[in-house]
Amino acid sequence: MSVAFLSVAAQGLALVLIAATLLPFWRSRTGLVRTFDFPRFQIAAAIPPVLVLLVATGHDPASLVLGAGLLGALGLQLRHILPFTRLTAPTASAAPAEPDPARCVAILIANVLQSNRAYDRLLAAVERTDPDLILALETDAGWRDALSPLRARYPHGVDQAQDNTYGLILYSRLPLDDVRVRFLIEDDVPSVRAGVTLPSGDRFTFHGVHPRPPHPGYSSATRDGELVLVAREVSREGGPAVVAGDLNDVAWSRTTRLFQTIGGLLDPRVGRGAYPTFHAGWPMLRWPLDHVFFSEHFLLARLERLPNIGSDHFPILITLCRDASAEAVQDPPSADAEDHREGAEAVAEAREAAES
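Now for a description of the structure that goes with this document. (Residues numbered from 1 in each chain as written. Predicted model: local features only at pLDDT ≥ 70, side-chain atom pairs only at ≥ 80, totals over all residues. Heavy atoms only, no water.)

### Quick word on the packing of aromatic side chains
Centre-to-centre distance and the angle between the planes together describe a pair of aromatic rings. Under the counting rule described, the total for this entry stands at six aromatic pairs. Aromatic side chains Tyr119 and Trp143 sit 4.7 Å apart centroid to centroid with 90° between the ring planes, which places their arrangement in the edge-to-face category. Taken together, the positions of Tyr119 in helix α5 (residues 119–129) and Trp143 in helix α6 (residues 141–147) put the pair 24 residues apart, joining distant regions of the chain. What makes Trp143 buried here is its relative accessible area of 0%. Between the aromatic rings of Phe259 and Phe293, the centroid separation amounts to 5.2 Å while the plane-to-plane angle is 75°, which identifies the pairing as edge-to-face. One end of the pair, Phe259, is in helix α8 (residues 254–263); the other, Phe293, is in strand β9 (residues 290–294), and 34 residues separate them in sequence. Comparing Phe259 with Phe293 shows no difference in burial state: the two are buried. Here the aromatic residues Phe41, Phe84 and Trp252 are joined through ring pairs into a cluster of three or more. In this structure, Arg305 is placed above the aromatic ring of Phe314, and the distance from its NZ or CZ to the ring centre is 4.2 Å. The side chain of Arg322 reaches across the aromatic face of Phe298, ending 6.0 Å from its centre. (Phe/Tyr/Trp six-rings, centres within 6.5 Å; stacked < 30°, edge-to-face > 60°. Helix = DSSP H or I, 4+ residues; strand = E, 2+ residues; numbered from the N terminus. Buried < 20%, exposed > 50% of the residue type's maximum accessible area, 1.4 Å probe, protein only. Lys NZ or Arg CZ within 6 Å of the ring centre and 35° of its normal.)

So, in structure tokens, the structure goes:
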């Protein structure tokens, strides 16, 4: 293989990586554009070897320009992903010094993959971790029947099993009130809202969501609009709140940042790691799609990615605790006028997309 060929190949790869880095900055909801929000870790990992190949094989002005472009692209990628590592960023959420079990809640989030029939693996994970709340996504009638034994231990909940990969079932051993299944944007994509009462008597609002993902050929409009609507509700109510589910978005995207600022919600991944949950079967192509965000009223006692349950998603287990010091030691993000304007645009575009 000639040096000239390697030089051309390196230049071509450099152009692709630079374009993949810059494309998400385009404020388009086109599925192809928004898809490039996801693989920032992978793009960042690909840049150094391509840069080395470019330097080793090309000494012309074009190679120098592309080399500088790759360094800039790497800097942009690192700016987005470093907060979701243990390297530089302080944690966004604090840990309780002495958690009170009566004021804590353990939540298990599992996108089960509707076609997955390894029911026993999720049941075993529940037995092993003993959460207080379980949100199972992509649940159809088969999953409803297989998980029905959980009702003995989890008498409260919501059953919205569907066969379109957007079914959801919520199980709770804690009392629920004001339980609602809503179709915020699309009439076949449900979400759930419920009040949850802890043994201490503390109450919080739980939102379980699973918006439709963007992909080439399908825009992010409905996903973005649904997340903004949930964030607005959290902000308007102002009390303790948890938003959990498969958001079909990564922690570092502009949409998730907007969702957080409007809702004033904390991300437990910041300063702790990415905890990638998808794709469970592809170790080199993973990113965090399953999330638990929470208001400043909670401290984080535990965050864990659980072993594979046969799905394309890993489950996430989190324990949150109400604590008198929580609001004093945490600084949630807040929205400015531009965020609210962008949020209004997202909702309007989502409703237009849902009607078309």
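### Describing empty space enclosed by the protein
According to the stated counting rule, one finds one cavity of 30 Å³ or more in the structure shown. Around the largest cavity sit Asp267, Pro268, Arg269, Tyr275, Asp290, His291, Val292, Leu303 and Ile316, which together line it. Looking at which element gives the most residues to the lining of the largest cavity, the answer is β9, with three residues. Among the residues making up the lining of the largest cavity, the classes are represented as five nonpolar, one polar and three charged. (1 Å grid on protein atoms, 1.4 Å probe; cavity = no way out; pocket = protein on both sides within 12 Å on 5 of 7 lines; lining within 4 Å. Points joined across faces, edges and corners; volume = space filled by probe spheres on them. Nonpolar A, V, L, I, M, F, W, Y, C, P; charged D, E, K, R; others polar.)

### A word on the sheet that holds strand β7 (residues 203–209)
A sheet is described by the order of its strands in space; here five strands give the open sequence β5-β6-β7-β8-β9, paired in mixed fashion. Because the sheet does not close on itself, it has two edges, and the strands there are β5 (176–182) and β9. Recorded for the sheet is a direction-independent mean angle of 15° between the axes of neighbouring strands. Across five bridges, the pairing between β5 and strand β6 (residues 191–197) is antiparallel. Across the sheet, Arg182 pairs through a bridge with Ser191, a residue of β6. (Pairing = 2+ DSSP bridges. Axes fitted to C-alpha atoms, helices over the stretch in contact; angles between N-to-C directions.)

### What about the side chain of Arg286?
Relative to the assigned elements, Arg286 resides in the loop between α8 and β9. Although Arg286 is buried, it makes no salt bridge; Asp290 carries the closest opposite charge, 11 Å away. Polar side-chain contacts of Arg286 include one of 3.0 Å to the backbone oxygen of His279. Not counting residues within four places of it along the chain, the set of residues in contact with Arg286 comprises Gln42, Pro276, Phe278, His279, Ala280, Gly281, Arg305 and Phe314. (Lys, Arg positive; Asp, Glu negative; His and termini not counted. Salt bridge = Lys/Arg side-chain N within 4 Å of Asp/Glu carboxyl O. Polar contact = N/O pair within 3.5 Å; in protein donor to acceptor, adjacent residues only side chain to side chain. Contact = heavy atoms within 4.5 Å.)

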